[in-house]
Amino acid sequence: MIVVFAPLQREFIKELLHQKLHDEVTFHFEKQENMKLYFSCDSQSSNAVKVAKKVIKDSKYGSVLHFMVEEA
Amino acid sequence: MNNFINWLDRKLVPIAAKFGNQRHLVAIRDAFASLMPIVLVGAMAVLLNNVFFVPWSLVAGYIGAEHPFIVWANANLAPFFDALSAGTLSLVSIYLAFAVGYQRAQAEGHDPLATGILSTASAFVLGIMGNADTGSFYDAKGMFIVLIAALVTSEIFFKVTEKNWVIKLPDSVPPAVGKSFSAVIPGAFSLGFWAIVAYLFTHFGNTTVYVWFQNTIANALLVLSQGVVSVMLISALIPLFWFFGLHGANLLDGVLQPIYGQLALNNIEMFQQGVRAVGGEGNLSVWVRGSWDAYVFLGGSGATLGLLIAILMFSKVQQDKEIAKLGIPTGAFMINEPVIFGLPIVLNPTFFIPFVINQPVLALVGYTATSIGFAGPIVNQVPWTTPPILSAFLATNGSVGAAITALINLVICVLIYAPFVIMANRAEAQRLKEEAIDTNNQPANV
């Protein structure tokens, strides 16, 4: 399980990761607590954190969003 | 609050993304980032000389310039570090020209090597080597012109290539040779354009682009960038972006780095050349890129080390105290993401005012202390992860006044955050009270 801290564009991040395969990791959106978005993943969390960070950074809003990804 | 966040999502983020993804600004930002090894190696070499080995070093200030160690180090060690600085910081505009061209081409799917080389050549066509009267512009002084030259060169190169005005060789020719030939015509257009510009300046103005820029726009930019209002405005803007969940550094670096980054490198070069006066044309700049690290970003953006100290001193919220304890070690090295998202600070109305206003206040104090000569100017580049106070001390080549200023700033930001931490205590007490009332009012399960 990983958690994405996202003050902005939470829906965008959900769509970006939920049920999508990125670098052999599939993310599933589980729940939201304020700015925290929880995703389960079919890979080691440490690897999933790296992949999620890269996917968000490479997205169209990635360069301007201030976010953090951690193992939940 | 949700409506406001929705508004930010719909209106502000797309505009910020357009600005943050603007291809020329991205190329400038990434080019500066790619120069990091050169700038850091050069800056470290200058730092070591300035602190230990030369007669005007920090150590020499304590033990005397005639001390046998200084005499020996100046003869045997300083030349090694001088060579490192001469090959890095003193030629930084050349590297920048290449890096900007390279980054632009890579982003647009063109030949990065050819574009980088042509961008570098443009800097020379425009006269970066200078003459006996003007001196060269290889160092930070030439940065603005090479930035413009590299960006325009890249555009000309792309346009000509896209029109397919290229020499095509048979497939049997090795790829490297084929690529070189296909860059000949675009290269001729790019360099030819700059040759015309250089000719016009020399023929009609009896000057070069570099000298003209230095005497006109650079001085105007210097005045603008060194104004206390500009410094305070930028200092407020950065945490404002962070607070709303936007990447302040990424958004502003494309604009700030060419101005304040250049001034930082200028200060390093000028200090080495013996310039000690601060403020005004031909002197060391009062405010450069490193000034924010030394006096403002104490513990990271928003000077959050002050907040952590205020929490440890005044907070009654157990969770906040735990986060503060965990945040102090990383905050000491200027990393504050765990605090920004952990407390959280972003989108937290309680901390909006102190998070945004303390930076301009700290900048004002740092600026004033440097202007009046209490703190020395920033003349060394230290890694941004250097702990507060030590960072100011090293960046100013051992100015005790600078270290005291950073310490005063740390106290100021604790004082600015303290009332809001106490306010958070009250809010937490109220929340616990309401929670207790809710629990008492719940019907008991029978």
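See above for the structure.
On a predicted model such as this, the values are computed, not experimentally measured, just so you know.

**Considerations on the overall build of chain B**
Here comes step 1: Across its full length, chain B carries 22 helices and 0 strands.
Here comes step 2: A total of 446 residues make up chain B; the buried ones form 48% of that total.
Here comes step 3: When contacts within chain B are restricted to residue pairs at least 6 apart in sequence, those whose partners lie at least 24 apart make up 71%.
Here comes step 4: With the model as given, the accessible surface of chain B reaches about 20400 Å², and the carbon-plus-sulfur share is 69%.
Here comes step 5: Averaging the locations of the 19 positively and 22 negatively charged side chains of chain B gives two centres separated by 7 Å.

**Looking at the interface of chain B and chain A**
When the parts come together, some accessible area is lost, and that loss is often what is quoted as the size of the interface.
Here comes step 1: Contacts between the two partners involve 23 residues from chain B and, on the opposite side, 14 residues from chain A.
Here comes step 2: Between chain B and chain A, roughly 1700 Å² of surface is buried when both sides are summed, and carbon and sulfur atoms account for 67% of that area.
Here comes step 3: Applying the counting criterion to the chain B and chain A interface returns 0 salt bridges.
Here comes step 4: Between the two partners, chain B and chain A, sit 5 residue pairs in polar contact (both at pLDDT 80 or more).
Here comes step 5: Put simply, the parts of the chain that give the side of chain B that touches chain A at least two residues each are helix 1 (2-20), helix 15 (248-272) and helix 19 (337-342) of chain B.
Here comes step 6: Considering every element that reaches the side of chain B that touches chain A, the biggest residue donor is helix 1 of chain B, with 8 residues.

**Let's talk about the packing of helix 2 (residues 23-34) of chain B against helix 15 of chain B**
All names here are of chain B.
Here comes step 1: Where helix 2 meets helix 15, the closest approach of the two axes is 9 Å, and the angle between their N-to-C directions is 75°. Judged on the interaxial angle alone, helix 15 and helix 2 are roughly perpendicular. Two secondary-structure elements touch here, helix 2 through Leu25, Ile28, Arg29 and Phe32 and helix 15 through Asn250, Asp253, Gly254, Val255, Gln257 and Pro258.
Here comes step 2: Residues that form the contact of helix 2 with helix 15 fall into these classes: 5 nonpolar, 3 polar and 2 charged.

**A few points about the pattern of salt bridges**
Here comes step 1: All told, the structure shown has 10 salt bridges over all chains when counted by the stated rule.
Here comes step 2: Here Glu33 of chain A ties to Lys31 of chain A by a salt bridge, and the two come within 3.2 Å at their closest N and O atoms.
Here comes step 3: Taken together, the salt bridges that share partners define one network made up of Arg23, Arg104, Glu108 and Glu155 of chain B.

**Some details on the nonpolar core**
Here comes step 1: Judged by nonpolar contacts, the single largest core of 132 residues is most densely connected at Ile2, Val4 and Phe27 of chain A together with Tyr295 of chain B.
Here comes step 2: Top element by residues in this core is helix 15 of chain B. It accounts for 9 residues.
Here comes step 3: When near neighbours in sequence (up to four residues on either side) are disregarded, Val4 of chain A contacts Ile13, Leu17, Met35, Lys36, Leu37, Phe39, Ile56, Met68 and Val69 of chain A.

**Examining empty space enclosed by the protein**
All names here are of chain B.
Here comes step 1: This model, assessed by the stated rule, comprises 1 cavity of 30 Å³ or more.
Here comes step 2: Roughly 50 Å³ of volume is contained in the largest cavity.
Here comes step 3: Lining the largest cavity, in full, are Phe19, Gly20, Leu25, Val26, Arg29, Asn250, Leu251 and Gly254.
Here comes step 4: At the level of elements, helix 1, helix 2 and helix 15 are the ones that each hand at least two residues to the lining of the largest cavity.
Here comes step 5: Here the residues of the lining of the largest cavity are counted per class, giving 4 nonpolar, 3 polar and 1 charged.

**Here's the deal with the packing of aromatic side chains**
Here comes step 1: In this structure the tally under the stated criterion is 27 aromatic pairs over all chains.
Here comes step 2: Put simply, the rings of Phe4, Trp7, Phe243, Phe244, Phe352 and Phe355 of chain B touch in pairs and so form one group of aromatic residues.
Here comes step 3: Against the face of Tyr38 of chain A rests Lys31 of chain A, its NZ or CZ located 4.6 Å from the ring centre.
Here comes step 4: When the ring centre of Phe271 of chain B is taken as origin, the NZ or CZ atom of Arg276 of chain B, which lies over that ring, is 3.8 Å away.

**Some thoughts on helix 11 (residues 184-205) of chain B**
Residues and elements named next belong to chain B.
Here comes step 1: Spanning 22 residues, helix 11 covers 30 Å between terminal C-alpha atoms, matching the ideal 32 Å at 1.5 Å per step.
Here comes step 2: Residues of helix 11 that are buried: Pro186, Gly187, Ser190, Trp194, Val197 and Ala198. Seen end-on, helix 11 carries its buried residues on one side only, within an arc spanning 110°. In this structure, helix 11 carries Ile196 and Phe204 as exposed residues pointing more than 90 degrees from its buried face.
Here comes step 3: Packed against the buried residues of helix 11 are helix 8 (112-125), helix 9 (143-162), helix 10 (175-182) and helix 12 (209-215).
Here comes step 4: Once helix 11 finishes, Asn206 follows within two positions and takes phi at roughly 50°, a positive value.

Calculation rules
Residues numbered from 1 in each chain as written. Chains lettered and ligands numbered in written order. Predicted model: local features only at pLDDT ≥ 70, side-chain atom pairs only at ≥ 80, totals over all residues. Heavy atoms only, no water. Helix = DSSP H or I, 4+ residues; strand = E, 2+ residues; numbered from the N terminus. Buried < 20%, exposed > 50% of the residue type's maximum accessible area, 1.4 Å probe, protein only. Contact = heavy atoms within 4.5 Å. Areas by Shrake-Rupley, 256 points an atom, 1.4 Å probe, with all protein chains shown as cover. Lys, Arg positive; Asp, Glu negative; His and termini not counted. Charge placed at Lys NZ, Arg CZ, Asp CG, Glu CD. Buried area = accessible area lost by both parts, 1.4 Å probe. Salt bridge = Lys/Arg side-chain N within 4 Å of Asp/Glu carboxyl O. Polar contact = N/O pair within 3.5 Å; in protein donor to acceptor, adjacent residues only side chain to side chain. Axes fitted to C-alpha atoms, helices over the stretch in contact; angles between N-to-C directions. Parallel < 35°, antiparallel > 145°, perpendicular 65-115°, else oblique. Nonpolar A, V, L, I, M, F, W, Y, C, P; charged D, E, K, R; others polar. Core = buried A, V, L, I, M, F, W, Y, C linked by side-chain atoms within 4.5 Å. 1 Å grid on protein atoms, 1.4 Å probe; cavity = no way out; pocket = protein on both sides within 12 Å on 5 of 7 lines; lining within 4 Å. Points joined across faces, edges and corners; volume = space filled by probe spheres on them. Phe/Tyr/Trp six-rings, centres within 6.5 Å; stacked < 30°, edge-to-face > 60°. Lys NZ or Arg CZ within 6 Å of the ring centre and 35° of its normal. Expected span 1.5 Å × (residues − 1). Arc of directions from axis to C-beta.

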